[in-house]
Amino acid sequence: MAESKVLIVGGTGYIGRRIVKACLAQGHETYIVQRPELGLQIEKLQMLLSFKKQGAHLVQASFSDHQSLVDAVKQVDVVISAVSGVHFRSHSILLQLKLVEAIKEAGNVKRFLPSEFGLDPARMGHALEPGRVTFDDKMTVRKAIEEASIPYTYISANLFAGYFAGSLSQMGSFVPPRDKVHLFGDGNLKAVFMDEEDVATYTIKAIDDPRTLNKTLYLRPPENILSQGELIGIWEKLIGKELDKTYISAQDFLTTLKGMDYKLQVGIGHFYHIFYEGCLTDFEIGEKGEEASKLYPEVNYTRMDEYLRIYV
Ligand SMILES: NC(=O)c1ccc[n+]([C@@H]2O[C@H](COP(=O)([O-])OP(=O)(O)OC[C@H]3O[C@@H](n4cnc5c(N)ncnc54)[C@H](OP(=O)(O)O)[C@@H]3O)[C@@H](O)[C@H]2O)c1
């Protein structure tokens, strides 16, 4: 059994459930918050019970009950939050300020990983409205963590493949087109696509690694640094067919964005920074960061040809 005891908050969520799985697989004693607010959400309860069957401990705690959060974090060494942050689904990033308060009061936590798992918010000070709310909220949480002197690791996971690769980064779909495809600009700026299971694996690897203490861990495995055009090329090879391509100018993209409802504008606005600015790859990782595939070369990360094969 690995040494650190780990509490996962948001353990039934999209990335949270994978983090629970990775945590158990890497031999950590795993605790998961079970919120009373789950009420009649039978699927979530069943998922929690299946984690319990696999050896996890379920801990009753609520964001509306400070003492319950303190008691929960007192049981562990590491806290990982995977609470929601996708506006068209649910977003509760600022709720984590309550978790930070609890960790501060408990005083025993050796590492906190807040819910990040995307673009590095510290690099998004220039982001467009209204999408910048995601980065601003995550920075508010970072500020609280650092002011409370809580040891942390921030996971900059780049693009979840289920959202961005499966769709070939088309807006409003999660499945790859078979005839026509839209490209942002010339489709040549590099992004980074990550299998969500690998995001979870790298996250758990980092939790008690002194090299990631008070740093950002960027998930940037070299073979997954791909442009949208290259990703489309991989798909075309898999289905043995060339797609009709339409290139969207930045101006047209921004005009379309303005016509969308608020929740979509938040998420789709991030596409601008990713695909027209190249914000995921236009910088070197400095001394406040580490790159995951360099630290953990033993992880055989999923390449995008393998990831996309299931969609054929
Ligand atoms: N890089 C990417 O491409 C990408 C894509 C999507 C998301 N993300 C990031 O990943 C992180 C997690 O997002 P996700 O999509 O995995 O989240 P999610 O599945 O939408 O939700 C995760 C969990 O948040 C908790 N939650 C939601 N509403 C809550 C509320 N009102 N009160 C308390 N808890 C609440 C729930 O925990 P319970 O388990 O307790 O019910 C839920 O399971 C976010 O920071 C997001 O920005 C990144």
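As annotated in an unreviewed UniProt entry, the protein chain carries the name NmrA-like domain-containing protein and is attributed to Acacia crassicarpa.

(A) A look at the overall build of the protein chain. Within the protein chain, the regular secondary structure consists of 12 helices and 15 strands. Radius of gyration (C-alpha) of the protein chain: 19 Å, near the 20 Å computed for a compact globule of 312 residues. Dimensions of the protein chain, computed from C-alpha atoms along their principal axes, come out at roughly 55 × 45 × 35 Å. Counting only residues that meet the buried cut, the protein chain has 54% of its 312 residues in that class. Intrachain contacts of the protein chain at a sequence separation of at least 6 include 80% that bridge at least 24 residues. Summed over its atoms, the accessible surface of the protein chain is roughly 14100 Å², and 52% of this surface lies on carbon and sulfur atoms. Distance between charge centres in the protein chain, computed from 35 positive and 40 negative side chains, equals 3 Å.

(B) Representation of the sheet that holds strand β9 (residues 159-160). A sheet is described by the order of its strands in space; here three strands give the open sequence β9-β11-β13, paired in mixed fashion. The open sheet has two edge strands, β9 and β13 (225-227), and neither has a second partner. Both β9 and strand β11 (residues 190-194) contribute to a ladder of two bridges, which runs parallel. Across the sheet, L159 pairs through a bridge with F193, a residue of β11. Packed on one face of the sheet, helix α8 (residues 228-239) meets β11 and β13 and runs near 90° to β13.

(C) Seen up close, helix α3 (residues 66-74). Listing the buried residues of α3 in full gives S68, L69, V70, A72 and V73. In this fold, the buried residues of α3 make contact with β1 (5-9), β3 (57-60), β4 (78-81) and α4 (96-106).

(D) The UniProt feature "domain: NmrA-like" (unreviewed entry) in the protein chain, seen in detail. Feature annotation in UniProt assigns "domain: NmrA-like" (unreviewed entry) to the following positions: residues 3-308. Spanning residues 3-308, this segment combines 39% helix with 19% strand, and its end C-alpha atoms are found 36 Å apart.

Conventions used here
Along each chain, residues carry numbers from 1 onward, in the same order as the chain's sequence is written. Only residues with pLDDT of at least 70 get local features here, since the model is predicted, and only at 80 or more are side-chain atom pairs given and counted; chain-wide, interface and lining totals rely on the full set of residues. Side-chain numbers come from the whole structure's heavy atoms, not from hydrogens or water. Helix and strand labels come from DSSP, where a helix needs a run of H or I of at least four residues and a strand needs a run of E of at least two; each type is numbered from the N terminus. In this description the radius of gyration comes from C-alpha coordinates, and the expected globular size is given by 2.2 Å times residues to the power 0.38. Each residue is assigned to one of three classes by its accessible area relative to the maximum for its type, calculated with a 1.4 Å probe on protein chains only: buried under 20%, partly exposed between the two thresholds, exposed over 50%. Between two residues, a contact is recorded if the distance between any of their heavy atoms is within 4.5 Å. Method for areas: the Shrake-Rupley scheme with a 1.4 Å probe, in which residue coverage is limited to the protein chains shown. His is not counted, nor are the chain ends, whereas Lys and Arg count as positive and Asp and Glu as negative. Lysine's charge is taken at NZ, arginine's at CZ, aspartate's at CG and glutamate's at CD. Strands pair, by our definition, only if DSSP identifies at least two bridges between them. Fitted lines through C-alpha atoms serve as axes, helices being fitted only where they are in contact, and the angles separating the N-to-C directions of these axes extend from 0 to 180 degrees. UniProt positions are given in the numbering used here, feature names are shortened, and annotations may be inferred rather than shown by experiment.

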